[in-house]
Amino acid sequence: MQQLLLYPLLFQLFLSIFLMFFWKKIDAQKIISIVGGFIAVFLSGVLFYTVWNSGIQTVQAASWEAPYGITFVADTLSATLVLLTSIAGLAVSFFSSASVIPARLRFGYFPIYHFLLLGLTGAFLTGDIFNLYVWFEIIIISSFVLITLGGEKAQIEGAVKYFTLNILASIIFLTAIAVLYGLAGSLNMADLATIIPQLENRKLVEVAAILFLVGFGIKSAVFPLYFWLPASYHTPPSAVAAIFGGLLTKVGVYALIRVFTLIFLEDVFLDQILIVIAVLTLFSGAIGSLVQKNVRKIFSYLIICHIGFMIAGLGMGTEIAFAGMVFYLIHDIMVKTNLFMVSGLIYRIKGTNNVRFLGDLYDKFPKLSLLMFIPLLSLIGVPPFSGFWPKVSLITASLNEKNYIILGAIIFGSLLTLIIITRLWANVFWKKGKELTKRDHFLYFQKMTKAKKIQFLVPIIMLAGVSLYIGFGAEHMQQLSNRIASELIDNTQYIEAVIPQNN
Amino acid sequence: MEFLLAIITGLLYAAGLYMMLRRSLVKLIIGLIIISNGANLLIFLLGRITKGHPPIIPGDSKIFTEIYADPVPQALILTAIVISFGLQSFAIILIKRAYQVVKTDDLDEMNTIEEDYK
Amino acid sequence: MKTLILRTASNYLLPILLLISIFILLRGHYLPGGGFVGGLIASIAFVLHAFANGLKNTKRLLKFHPGYLMPVGLAVSFLSGVLPVIGFDEPFMTGLWMHDAIPVLGKLGTALFFDIGVYIVVQGVTLTIIFTISESA
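Residues numbered from 1 in each chain as written. Chains lettered and ligands numbered in written order. Predicted model: local features only at pLDDT ≥ 70, side-chain atom pairs only at ≥ 80, totals over all residues.

An unreviewed UniProt entry annotates chain C as Na(+)/H(+) antiporter subunit B originating from Mesonia mobilis. On record in UniProt, under Subcellular location (unreviewed entry), the comment for chain C is "Cell membrane". Comment text from UniProt for chain C, heading Sequence similarities (unreviewed entry), reads "Belongs to the CPA3 antiporters (TC 2.A.63) subunit B family." (UniProt positions renumbered as here; feature names shortened; annotations may be inferred.)

This is the structure we're talking about:
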């Protein structure tokens with residue numbers, strides 16, 4: 001059982017290859033994907049349990065010793081994110097099997113989707129910076145296919161922008177790796193963590209750090225590099241948007257966390273840049289979201305806004321700020337995935353996502369509206385829902401640091417989120433809606449069979465349940481984030497686990 | 001040699017970025033290809049250019065006795081080339097598809113305002 | 001293309017190029033070569049055939065869509081990587097080697113099967129890409 005940490009990874013790989021053998025048999029693919037999703041949750045749960053109880057796990061791939069081979073590391077942060085990936089992955093598997101039309105499924109939707117999950121799992125587990133690049137490429141190639149699948153005009157237009165900026169980000173990331181390798185002669189992150197602080201050439205180290213910041217910044221959609229996100233995330237099917245919104249930007253944030261807590265440390269200049277970026281991201285995301293009319297575009301801008309919270313936590317760099325950041329990350333993955341599924345549900349009920357034409361939902365579907373209310377409340381952070389607790393930690397951290405700009409930006413971001421969501425609620429659920437002309441050839445939620453309705457609602461209920469648990473069981477989550485934060489602050493544990501002889 | 005390669009790398013990055021800033025989709029893809037070649041060359045350059053033997057130790061000795069070339073940059077470049085091969089072929093098919101659907105290769109015209117529900 | 005020379009030559013070149021590709025695949029462990037290059041050479045052989053005789057004839061020659069090669073190759077590579085995990089509790093992709101050499105091929109190991117998987121995948125991917133582009137042109 002030594003290779004426990006590879007099982008979630010290998011299982012996703014197995015699943016996507018296995019699904020490719022059923023290329024044309026959509027029904028079989030649906031079943032395999034959902035059953036596989038359950039197994040993946042189980043495997044990553046076991047991994048999380050092991051890491052929680054017996055510390056950081058490592059595997060040296062192909063038995064090559066640490067600084068020379070590729071190491072896979074599962075510390076508490078990685079294990080948590082792998083677990084969350086598999087939970088979100090299971091929910092979206094369910095949701096895709098109900099909501100994505102067969103014409104799209106026939107072109108290998110599920111295999112590619114599991115390749116995406118494979119890339120995400122790999123990116124969270126790897127301990128090698130070049131291997132991280134490879135996982136990123138797997139993620140973006142699969143996401144390109146998912147975002148263009150179907151080939152509608154809006155989709156293609158969104159995809160071109162998404163594609164260009166993401167490739168540019170990868171190339172910048174590659175450039176950063178080149179500079180780093182030239183400086184340190186190593187690619188293992190734990191090894192780099194010991195080499196980089198001793199280097200003489202600080203200027204070049206800073207260049208490498210900024211290149212990483214730009215590369216990951218594009219991927220995690222921070223100010224001023226976020227323009228691809230609102231241009232593309234509203235175009236693909238809502239199931240795809242759900243997994244993108246929930247996890248793709250977060251993997252960029254994860255990479256930022258990993259690089260800036262492990263390799264580039266104690267750099268005042270960088271911390272200040274991060275704080276400025278965080279503040280501007282919070283502002284621009286929130287204000288951008290105010291003017292949007294499309295539900296999914298509103299959520300897209302909110303993704304950007306809330307990335308700001310995490311970057312702020314990273315920039316402040318204290319243990320309590322890290323705890324808030326990690327807690328926010330956990331909460332955000334669940335909520336954003338759920339929100340895009342909610343937008344898909346609204347689309348299925350009404351046939352549009354435009355706020356101007358929506359309305360009446362609370363009147364016609366009171367129970368469903370209450371269900372959709374849970375992720376919205378969690379997003380705002382009304383106590384005791386899940387968004388509240390990390391903000392407490394972040395605000396405490398900014399007060400401790402006497403960093404009032406961050407404090408103001410966090411409060412501003414939360415307040416605008418509140419305004420946006422209340423307005424959304426009033427417009428979509430309470431307002432008296434117009435009678436819309438029924439579309440032909442469009443499967444409305446009301447006309448679905450009971451089984452399909454359940455299939456539609458199960459993932460939303462599931463993730464709402466997880467969000468509720470994160471909110472009401474905040475004690476456990478706080479404990480978890482504190483532990484992760486202490487691991488991030490003190491990177492010797494990580495280095496020690498990867499290269500044991502290093503004392 | 002290093003000096004020359006450094007200049008070429010800089011030229012490739014500049015040319016690639018310039019092409020990416022053009023409005024035509026085809027030029028965009030050419031820019032992407034050029035800039036990723038620049039990145040590959042940069043890895044090669046920063047991995048130290050050494051004239052040496054392949055890093056294989058003869059069976060009867062324990063350590064390297066002669067100068068050897070670092071294999072890691074080459075492995076990295078090979079991986080990056082293979083990845084960009086996939087990405088570029090996807091990109092070409094994507095722009096072809098985009099041209100068929102949108103009927104233009106001008107990026108500025110790829111901003112159709114979403115049709116409202118009627 | 002309607003050149004007689006190319007068409008005649010491509011019929012003979014196809015098996016020769018395929019043989020070379022397998023040779024490159026097999027020498028790949030210690031010498032330059034390997035699955036990726038071998039796969040590219042093999043797919044170039046088919047592309048050359050398609051240039052000379054038309055896409056339809058090449059497809060008839062292949063008998064199945066090259067896309068099917070992708071999952072097969074991936075499965076071969078995956079199994080060779082996962083074998084040490086399942087069978088021997090070694091890390092993923094650890095090389096396992098047979099003790100005795102086999103004539104012609106030499107010592108067999110999981111690395112060879114990984115390379116064979118790559119060889120198949122590369123052929124599948126390249127041929128699918130090129131066939132798709134030239135079909136829709």
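Novice: Whenever I open this one, the overall build of chain A confuses me. Can you help?
Specialist: Scanning chain A from terminus to terminus reveals 21 helices and two strands. Its C-alpha radius of gyration of 22 Å places chain A within 12% of the 23 Å reference for a compact globule of 503 residues. With the principal axes as the frame, chain A shows a C-alpha extent of 70 × 55 × 40 Å. For chain A, long-range pairs separated by at least 24 residues make up 80% of all intrachain contacts whose partners lie at least 6 apart in sequence. (Helix = DSSP H or I, 4+ residues; strand = E, 2+ residues; numbered from the N terminus. Rg over C-alpha atoms; globule rule 2.2 N^0.38 Å. Contact = placed C-beta atoms within 7 Å.)

Novice: Which parts of the structure should I look at to understand the overall build of chain C?
Specialist: Check the secondary structure of chain C and you find five helices and zero strands. Starting at the N terminus and walking to the C terminus, you meet the elements of chain C as α-α-α-α-α. Taking the principal axes of the C-alpha coordinates as reference, chain C spans close to 55 × 30 × 20 Å. With 137 residues in all, chain C has 37% of them scored as buried. In chain C, the share of contacts with a sequence separation of at least 24, taken over all contacts with a separation of at least 6, comes to 67%. (Buried ≥ 20, exposed ≤ 12 C-beta atoms within 10 Å, placed from the backbone.)

Novice: Help me out: how do you make sense of the nonpolar core in this one?
Specialist: Generally speaking, a soluble globular protein has its nonpolar side chains buried in company with each other. Ranked by size, the top nonpolar core spans 251 residues in total, and within it Ile177, Ala278, Ala312 and Val326 of chain A carry the most contacts. Residues contacting isoleucine 177 of chain A, with those up to four places away along its chain left out, are Ile129, Phe130 and Tyr133 of chain A. (Core = buried A, V, L, I, M, F, W, Y, C linked by C-beta atoms within 7 Å.)

Novice: What is the right way to read helix H1 (residues 7-20) of chain A from this model?
Specialist: Helical periodicity: at 3.6 residues per turn, an α-helix aligns residues three or four positions apart in one direction. Here H1 of chain A spans 20 Å end to end across 14 residues, near enough to the 20 Å set by a 1.5 Å rise per residue. Among the 14 residues in H1 of chain A, twelve count as buried, and that is most of the element. Taken together, the buried positions of H1 of chain A are Tyr7, Pro8, Leu9, Phe11, Gln12, Leu13, Phe14, Leu15, Ser16, Ile17, Leu19 and Met20 of chain A. Each element contacted by the buried residues of H1 of chain A is listed here: helix H2 (26-54), helix H3 (76-99) and helix H5 (109-125) of chain A together with helix H4 (69-88) of chain C. (Expected span 1.5 Å × (residues − 1).)

Novice: Even after reading the chapter, I still don't get the UniProt feature "transmembrane region" (unreviewed entry) in chain C, so can you show me in this structure?
Specialist: Residue and element names in this part refer to chain C. In the numbering used here, UniProt assigns the "transmembrane region" (unreviewed entry) feature to residues 12-30, 36-55, 67-88 and 108-133. Between the C-alpha atoms that bound residues 36-55 the distance is 23 Å, and the span itself is 95% helix and 0% strand. In residues 67-88, the share of helix is 91% and the share of strand is 0%. The end C-alpha atoms are 33 Å apart.

Novice: It is not clear to me how the UniProt feature "domain: Na+/H+ antiporter MnhB subunit-related protein" (unreviewed entry) in chain C should be interpreted in this structure. Could you clarify?
Specialist: In the numbering used here, UniProt assigns the feature "domain: Na+/H+ antiporter MnhB subunit-related protein" (unreviewed entry) to residues 5-128 of chain C. Secondary structure within residues 5-128 of chain C divides into 72% helix and 0% strand; the distance between the first and last C-alpha atoms comes to 27 Å.

Novice: How should the packing of helix H17 (residues 388-401) of chain A against helix H18 (residues 404-430) of chain A be read in this particular structure?
Specialist: Think of two packed helices as two axes; the pair is described by the angle between the axes and how far apart they sit. Residue and element names in this part refer to chain A. The geometry of H17 relative to H18 is characterised by a closest axis approach of 9 Å and an angle of 155° between their N-to-C directions. Taken together, H17 and H18 sit at an angle that is classed as roughly antiparallel. Contact with H17, carried on its side by Lys391, Leu394, Ile395, Ser398 and Leu399, involves Ile406, Leu407, Ile410 and Ser414 of H18 and no other residues of that element. In the contact of H17 with H18, the residues fall into six nonpolar, two polar and one charged. (Axes fitted to C-alpha atoms, helices over the stretch in contact; angles between N-to-C directions. Parallel < 35°, antiparallel > 145°, perpendicular 65-115°, else oblique. Nonpolar A, V, L, I, M, F, W, Y, C, P; charged D, E, K, R; others polar.)

Novice: Explanation requested: the packing of H4 of chain C against helix H5 (residues 110-136) of chain C in the structure shown.
Specialist: All names here are of chain C. Contact geometry of H4 with H5 gives a least axis separation of 7 Å together with a crossing angle of 160°. By the angle class used here, H4 and H5 are roughly antiparallel. Every pair of crossing elements has a handedness; the one defined by H4 and H5 is left-handed. Between H4 and H5, the contacting residues are Leu69, Met70, Val72, Gly73, Leu74, Val76, Ser77, Ser80, Gly81, Leu83 and Pro84 on the first element and Thr110, Phe113, Phe114, Ile116, Gly117, Val118, Ile120, Val121, Gln123, Gly124 and Val125 on the second. Looking at the contact of H4 with H5 residue by residue, the class counts come to 14 nonpolar, eight polar and no charged. (Left-handed = near helix turned anticlockwise from the far one by under 90°.)

Novice: How do you make sense of the confidence of the model for chain A when you look at a structure like this?
Specialist: Caution is warranted with low-pLDDT regions, since their predicted coordinates should not be read in detail. Predicted confidence across chain A gives a mean pLDDT of 89, with 99% of residues reaching 70 or more. Averaged over each element, pLDDT in chain A is lowest for helix H15 (residues 361-364) of chain A (82) and highest for H5 of chain A (94). (pLDDT = per-residue confidence, 0-100.)

Novice: What should I look at first to understand helix H14 (residues 319-350) of chain A in this one?
Specialist: Residues and elements named next belong to chain A. Helix length check: H14, at 32 residues, gives a terminal C-alpha distance of 46 Å against a target of 46 Å (1.5 Å per residue), a fit within 8%. Aspartate 332 marks where H14 bends most, by close to 25°. In terms of burial, H14 is a largely internal element, 30 of the 32 residues being buried. Among the residues trailing H14, glycine 351 stands out with phi positive, at a value near 85°. (Bend = angle between axes of the 7 residues up to and from the residue.)

Novice: It is not clear to me how the confidence of the model for chain C should be interpreted in this structure. Could you clarify?
Specialist: Residue and element names in this part refer to chain C. Residues of chain C with pLDDT of at least 70 account for 98%, and the chain-wide mean is 86. The element-level mean pLDDT for chain C is lowest in helix H3 (residues 55-62), coming to 86, with helix H2 (residues 35-53) highest at 90. For this predicted complex, the interface confidence score (ipTM) comes to 0.93, while the overall pTM stands at 0.93.

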